[in-house]
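Inside the fold
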Amino acid sequence: YYGETSDAQRKVSLAKFKGSEVRVLVGNALSGGTGLTLNNASAMLYYANEFKLLPRLQSEDRFHRIGQNADHCLIADVE
């Protein structure tokens, strides 16, 4: 899920992730940082950061929100 992903492919990818057909959604925080609800996820791993606070916080809010079913949410940076 990144800038060059077509709108049609984004919809397909999100539907598969939300429907549990796939277990992992890989994306760019700037592309997927707003307008998504990913509350079926329980972990978010960051591999590369932009070092901009607002996109980071927005992307974290995609799964840490109302409707989250997990007992806890993991947010971690991987180096």
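Scroll up for the structure.
Residues numbered from 1 in each chain as written. Predicted model: local features only at pLDDT ≥ 70, side-chain atom pairs only at ≥ 80, totals over all residues. Heavy atoms only, no water.

Another aspect to go through is helix 1 (residues 7–18). Helix length check: helix 1, at twelve residues, gives a terminal C-alpha distance of 16 Å against a target of 16 Å (1.5 Å per residue), a fit within 8%. Once helix 1 finishes, S20 follows within two positions and takes phi at roughly 65°, a positive value. (Helix = DSSP H or I, 4+ residues; strand = E, 2+ residues; numbered from the N terminus. Expected span 1.5 Å × (residues − 1).)

We now examine the packing of aromatic side chains. With the rule as written, the count across this model stands at zero aromatic pairs. The lysine or arginine in question, R56, covers the ring of Y46, its NZ or CZ lying 3.7 Å from the ring centre. (Phe/Tyr/Trp six-rings, centres within 6.5 Å; stacked < 30°, edge-to-face > 60°. Lys NZ or Arg CZ within 6 Å of the ring centre and 35° of its normal.)

Moving on, we get to unusual backbone geometry. Here the phi dihedral of S20 falls at roughly 65°; this positive angle occurs in a residue that is not glycine. Its place among the elements puts S20 in the loop between helix 1 and helix 2 (29–32). In this structure S20 comes out as exposed when scored by relative accessible area, which is 58%. (Buried < 20%, exposed > 50% of the residue type's maximum accessible area, 1.4 Å probe, protein only.)

Before going further, it helps to examine the nonpolar core. Counting residues in hydrophobic clusters, the biggest one holds nine residues: Y1, L14, F17, L36, L38, A41, M44, Y46 and F63. Each residue touching Y46, except ones within four places of it in the same chain, is listed here: A29, R56, S59, E60, I75, A76, D77 and V78. (Core = buried A, V, L, I, M, F, W, Y, C linked by side-chain atoms within 4.5 Å. Contact = heavy atoms within 4.5 Å.)

Looking now at the environment of K18. Among the secondary structure elements, K18 is positioned in helix 1. Apart from the residues lying within four places of it in its own chain, the contact partners of K18 are T37, L38 and N40.

Looking now at the pairing of strand 1 (residues 43–46). Only one face of strand 1 is buried: it carries M44 and Y46, and the other face, with A43 and L45, is open. In this structure, strand 1 lies alongside strand 2 (residues 74–77), joined through four bridges in parallel fashion. Residue Y46 lies in a different strand from strand 2, and its bridge partner there is D77. For the crossover that starts at strand 1, traverses helix 3 (residues 53–60) and ends in the parallel strand 2, the hand is right-handed. (Pairing = 2+ DSSP bridges. Right-handed = clockwise from strand over helix to strand, strands pointing away.)

This part is about the environment of F51. Tracing the chain through its elements places F51 in the loop between strand 1 and helix 3. We classify F51 as exposed; its relative accessible area is 79%. Considering only alpha carbons, one finds F51 and G67, 16 residues apart in sequence, at a separation of 28 Å.

Here we come to a nonpolar patch on the surface. Together, L45, Y47, L74 and V78 give the surface a local cluster of nonpolar side chains, amounting to about 450 Å² of exposed area. Looking at where Y47 falls in the secondary structure, it is placed in the loop between strand 1 and helix 3. You can call Y47 exposed: its relative accessible area is 70%. (Patch = residues over 30% accessible without salt bridge, like charges linked within 9 Å, V, L, I, M, F, W, Y side chains within 5 Å. Areas by Shrake-Rupley, 256 points an atom, 1.4 Å probe, with all protein chains shown as cover. Salt bridge = Lys/Arg side-chain N within 4 Å of Asp/Glu carboxyl O.)

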